[in-house]
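Each chain, letter by letter, is given below.
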Amino acid sequence: MNMHSPAKARVAVAPAASPDGGHAWFILLSCFLVFGLTFGVIKAFGVFYVEIHQSFETTASGTSWITSIAVATIHVVAPVASALSARFSHRSVAMMGGLICSVGVVSGAFARNLIELYLTVGFLNGLGYAMTWTPTVTMLGLYFEKRRPMANAVASAGECILTFVLTPLFQLLIDSYSWRGALLTLGALQFNLCVCGMLLRPLKTTRAVTCEVNTAEEGSSQLPPKDNSEQSKTSCADAESTRKSDLRIKVLKYVDYTLISNPQFMVYSMFGFFAALGFFAPALFLVPYARSKGVGEYQAAALMSISAALDLFGRVFFGWVANLRLVETERQLTATVILLGTVLLLCPLASSFSELAAFSAVYGLVYGATVSIHITVLAEIVGVNRFGSALGFFMLIRSSGGLLGPPIAGFFIDKMSDYGTGFLMAGVSLIVSAIFLLLLHHTNRRGQGSTSKNTDMH
């Protein structure tokens, strides 16, 4: 009879390499459509702004909370969506998110007051966006490695193309069926997010193999250990340590909480917070600002289409530039963020349609250059293995900026009775966010310097 129980060893099998081809192109297509039917819809929602504002006779700040709640919910729920994707599957979470989006928007068409719009088009819609967007972008990062910057740029271009198409379409639907009928159509359109989720075929994941080794065979001549209290205490301590270690591994599998101790990640998250304050306000207030300057309804809607067209070019071109690795993507992002903030500060100088069209073109180009690489920079900071959790935490930290940005801009608009002040607030926020990118660059340089010194000493 063997006195020793078999020892168990866990052997990890390496995950499959990123294919950069094959089914990866279907993942890219899915991500392209998801960007368009989530953030593209948010950018085009400015067309609804004026109609809802007039229908409920509310303030600019009150109406802007619809978009703010949606954006904030996306960011807050992103870590939960990331954990659910790890627990179940990216495909099932994304499909559930598409269903929630559709139900939320269709319910919003029957809203009797702003509170109901906050709950449906704001919260429910944002919840669905988070559950769809987060697993899709995570899968894109897993399927692409060599072409990742370009893949992220092409995927995010879906936001531009759908904004370009949806803005005049929404205006046409509003004129034909009112804003409520337009929301019903949008709800039906967003049901296609379930189809996007179906395309998320999982890669081969890391699996643990348990091997049993009979220690009695290795040392059968050894006597059984003495049963004394000291050895019992040691065994109990080892067992407790093993249980804690297993629990930590299980938690890290779903949520990598150690990211909060990563200084580069936290600095970059602060950039995300201040950038979010300025990212979403311009898209919401551009159409109302043009209308306040006497520009016609369809001309004002055309401004968003102009912005979307140049946004598309900016994402693809600057994503391609980032893929060439001519300059560090971190430096490229810093330059575009500073330029974007400067362009927004100049917006109140535009008053005619031609001037606003020029602003929309430049804004779209620089905005596209910025958003095409900011997810790529995040992946470079934390590495692809921690990217899923990092994306969730990044979105969570950025959520307060997305929540507060439009209402703060709306507050200044109500006080000053001028939509131009909203663009000034957004421009200042982006300039402040660039300071954290400069700090990140300094932190990285200092880390590289200390690494070089340690190498030289050895």
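It should be noted that the structure appears before, not after, this text.
Residues numbered from 1 in each chain as written. Predicted model: local features only at pLDDT ≥ 70, side-chain atom pairs only at ≥ 80, totals over all residues. Heavy atoms only, no water.

Our next topic: the packing of aromatic side chains. Throughout the structure, instances matching the rule amount to 22 aromatic pairs. Taking the centre distance of 5.6 Å and the plane angle of 80° together, the rings of Phe 39 and Trp 133 count as edge-to-face. Of this pair, Phe 39 sits in helix 1 (residues 24-44) while Trp 133 sits in helix 5 (residues 114-143), placing them 94 residues apart in sequence. A relative accessible area of 3% places Trp 133 in the buried class. Where Phe 317 meets Trp 320, the ring centres are 6.0 Å apart and the plane angle is 45°; that geometry is what we call tilted. With Phe 317 and Trp 320 both in helix 12 (residues 297-324), this residue pair falls three residues apart, about one helical turn. Looking at Phe 317, the relative accessible area reads 33%, which means it is partly exposed. Each member of the aromatic cluster is reached from another via a ring pair, and the members are Phe 279, Tyr 289, Phe 359, Tyr 363, Tyr 367 and Phe 423. Between the NZ or CZ atom of Arg 87 and the centre of the ring of Phe 88, over which it lies, the distance is 5.1 Å. (Phe/Tyr/Trp six-rings, centres within 6.5 Å; stacked < 30°, edge-to-face > 60°. Helix = DSSP H or I, 4+ residues; strand = E, 2+ residues; numbered from the N terminus. Buried < 20%, exposed > 50% of the residue type's maximum accessible area, 1.4 Å probe, protein only. Lys NZ or Arg CZ within 6 Å of the ring centre and 35° of its normal.)

This next bit is on helix 6 (residues 148-190). In a regular helix each residue adds 1.5 Å, so 43 residues correspond to 63 Å; helix 6 covers only 26 Å between its end C-alpha atoms and thus falls short of that length. Along helix 6, the sharpest change in direction is near 120° and occurs at Tyr 177. (Expected span 1.5 Å × (residues − 1). Bend = angle between axes of the 7 residues up to and from the residue.)

Quick look at unusual backbone geometry now. Here Glu 57, not a glycine, exhibits a phi torsion of approximately 50°, which is positive. One non-glycine residue, Ser 178, lies in positive phi territory at about 75°. Structurally, Ser 178 is set in helix 6. According to the relative accessible area criterion, Ser 178 is partly exposed, its value standing at 33%.

What follows covers the environment of His 374. Within the secondary structure, His 374 sits in helix 15 (residues 374-382). Taking C-alpha positions, His 374 is 8.4 Å from Thr 329, a pair spaced 45 residues apart along the chain. Apart from residues lying up to four places away in sequence, His 374 is in contact with Tyr 268, Leu 333, Phe 394 and Arg 398. Polar contacts involving the side chain of His 374 include one to the side chain of Arg 398, which spans 3.5 Å. (Contact = heavy atoms within 4.5 Å. Polar contact = N/O pair within 3.5 Å; in protein donor to acceptor, adjacent residues only side chain to side chain.)

Let us look at the state of the cysteines. Evaluated as defined, the whole model comprises zero disulfides. Unpaired in this structure, Cys 196 has its nearest cysteine sulfur neighbour in Cys 194, at a distance of 8.9 Å. For Cys 196, a relative accessible area of 3% corresponds to the buried category. (Disulfide = S-S within 2.5 Å.)

Moving on to the environment of Ile 42. Turning to its location among the elements, Ile 42 is positioned in helix 1. You can call Ile 42 buried: its relative accessible area is 9%. The sequence separation of Ile 42 and Glu 159 amounts to 117 residues, and the corresponding C-alpha distance is 9.3 Å. Residues within four places of Ile 42 in sequence aside, it is in contact with Thr 67, Val 71, Ile 74, Tyr 129 and Phe 280.

Viewed as axis vectors pointing N to C, helix 4 (residues 90-108) and helix 5 meet at an angle of 160°, and their least axial separation amounts to 7 Å. By the angle class used here, helix 4 and helix 5 are roughly antiparallel. The chirality of how helix 4 crosses helix 5 is left-handed. Grouping the constituent residues of the contact of helix 4 with helix 5 by class yields 14 nonpolar, 12 polar and no charged. (Axes fitted to C-alpha atoms, helices over the stretch in contact; angles between N-to-C directions. Parallel < 35°, antiparallel > 145°, perpendicular 65-115°, else oblique. Left-handed = near helix turned anticlockwise from the far one by under 90°. Nonpolar A, V, L, I, M, F, W, Y, C, P; charged D, E, K, R; others polar.)

What follows is about the pattern of salt bridges. By the definition in use, this model includes six salt bridges. Lys 43 is the partner of Asp 311 in a salt bridge, and the nearest nitrogen-oxygen pair spans 2.8 Å. Remark: Lys 43 occurs in helix 1 and Asp 311 occurs in helix 12; sequence separation between them is 268 residues. Assigned by exposure class, Asp 311 and Lys 43 land together as buried. Measuring nitrogen to oxygen at the nearest pair gives 3.0 Å for the salt bridge that ties Arg 315 to Glu 159. Of the two residues, Arg 315 sits in helix 12 while Glu 159 sits in helix 6, which places them 156 residues apart along the sequence. In terms of burial, Arg 315 and Glu 159 fall into one category: buried. A single salt-bridge network, built from bridges that share partners, covers Lys 43, Glu 159, Asp 311 and Arg 315. (Salt bridge = Lys/Arg side-chain N within 4 Å of Asp/Glu carboxyl O.)

By size, the foremost hydrophobic cluster in this structure holds 117 residues, and its most contacted members are Phe 48, Trp 133, Leu 183, Tyr 268 and Phe 285. A total of 13 residues in this core trace back to one element, the largest contributor, which is helix 5. Those residues in contact with Tyr 268 that lie beyond four places of it in its chain are Leu 333, His 374, Val 377, Leu 378, Ile 381, Phe 394, Leu 437 and Leu 440. (Core = buried A, V, L, I, M, F, W, Y, C linked by side-chain atoms within 4.5 Å.)

Another point: helix 4. Between its first and last C-alpha atoms helix 4 spans 27 Å; for 19 residues at 1.5 Å apiece the expected length is 27 Å, and the two agree. Burial in helix 4 covers these residues: His 90, Val 93, Ala 94, Gly 97, Gly 98, Ile 100, Cys 101, Ser 102, Gly 104, Val 105 and Gly 108. Tucked into the core, helix 4 has its buried residues touching helix 3 (60-87), helix 5, helix 6 and helix 7 (193-198).

Just geometry here; none of it tells us what the structure is for.
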